[in-house]
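The primary structure of each chain is shown beneath.
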Amino acid sequence: MWIYLFIFFAKLVEVSLATIRNVLINRGEKVKGAFIGFFEVMLWVIVVSQVLDTLRENPWRLIVYCLAFALGNYVGVIIENKLAIGTACVQAVVGENQKLELGDALREKGFGVTFIQGEGKNGPVDVVMIYLKRKCVDEAITLIRQYSPDTLVTVNDVRQLRGGFIKK
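Residues numbered from 1 in each chain as written. Predicted model: local features only at pLDDT ≥ 70, side-chain atom pairs only at ≥ 80, totals over all residues. Heavy atoms only, no water.

Taken residue by residue, helix α5 (residues 137-147) has V137, A140, L143 and I144 as its buried positions. Looking down the long axis of α5, one finds its buried residues gathered within 135° of arc, a one-sided arrangement. The exposed set on the far side of α5, more than 90 degrees from its buried face, consists of D138 and Q146. On the buried face of α5, the contacting elements are β1 (87-95), α4 (99-108), β3 (123-133) and β4 (152-158). (Buried < 20%, exposed > 50% of the residue type's maximum accessible area, 1.4 Å probe, protein only. Helix = DSSP H or I, 4+ residues; strand = E, 2+ residues; numbered from the N terminus. Arc of directions from axis to C-beta. Contact = heavy atoms within 4.5 Å.)

Quick look at the nonpolar core now. Counting residues in hydrophobic clusters, the biggest one holds 19 residues, and the most contacted among them are L106, F111, V128, I130, L132 and I144. Among the secondary structure elements, those contributing two or more residues to this core are β1, α4, β3 and α5. Setting aside anything within four residues of it in sequence, one finds F111 in contact with L106, I130, L132, C136, E139, A140, F165 and K167. In terms of nonpolar packing, the next biggest core, distinct from the first, is built from nine residues, F8, V48, V51 and Y65 among them. (Core = buried A, V, L, I, M, F, W, Y, C linked by side-chain atoms within 4.5 Å.)

What follows covers the packing of helix α1 (residues 2-26) against helix α3 (residues 60-83). Relative to each other, α1 and α3 sit at 40°, their axes nearing to 6 Å. The orientation of α1 with respect to α3, classified from their angle, is oblique. Seen along the crossing, α1 lies across α3 with a hand that is right-handed. In terms of residue class, the contact of α1 with α3 is made up of 19 nonpolar, five polar and three charged. (Axes fitted to C-alpha atoms, helices over the stretch in contact; angles between N-to-C directions. Parallel < 35°, antiparallel > 145°, perpendicular 65-115°, else oblique. Left-handed = near helix turned anticlockwise from the far one by under 90°. Nonpolar A, V, L, I, M, F, W, Y, C, P; charged D, E, K, R; others polar.)

For the rest of this paragraph, the subject is the pattern of salt bridges. Per the counting criterion, the structure on display carries six salt bridges. Between E80 and R134 there is a salt bridge, and its shortest N-O distance comes to 2.6 Å. Of the two residues, E80 sits in helix α3 while R134 sits in the loop between β3 and α5, which places them 54 residues apart along the sequence. Using a relative accessible area of 7% as the deciding quantity, one classes E80 as buried. (Salt bridge = Lys/Arg side-chain N within 4 Å of Asp/Glu carboxyl O.)

What follows covers the sheet that holds β1. As summarised here, the arrangement of the four strands in space is β2-β3-β1-β4, forming an open sheet in which the pairing is antiparallel. At either end of the open sheet lies a strand with only one pairing partner, and these are β2 (114-120) and β4. Looking at each pair of strands side by side, their axes are set apart by 25° on average, direction ignored. By the bridge criterion, seven bridges tie β1 to β4 in an arrangement that is antiparallel. The partner of T87 across the bridge, within β4, is V158. Against the sheet, α4 engages β1, β2 and β3, with an angle of about 5° to β3. (Pairing = 2+ DSSP bridges.)

Below, the structure written as structure tokens:
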């Protein structure tokens, strides 16, 4: 019974680490990604050897391994969302009459805000652009929704950012 629990939890941790490693590498954090990769592959070798060693006699180890792999992907994404590594750009299309109040409210909360004038289906609009840490995305969207409940909001990951202002 212990070996099944070991396989399950070790594989769960390994796949969760792989998810976080991939995110770090995609965001340009090569050293952190490589560091995590070392432990990830060490776990992989240990776990897969436990499964392959007795595969013919005990196929249940393979089932446990596969279940942990699937769940590890899910858990890895949850962990990564909690860590919220990196930078994002929030853009919102708001009516002209909401620009000043919204801009003041966002700046009051410490966000760097840029407005760009645009033309929408029904006339002039402003596009609000905020570059921020991913951990602050929900806070910014909540504030935007207070001043402009029906506005179009998009969030994009930013791989690199140089200059400008980001809330600490």
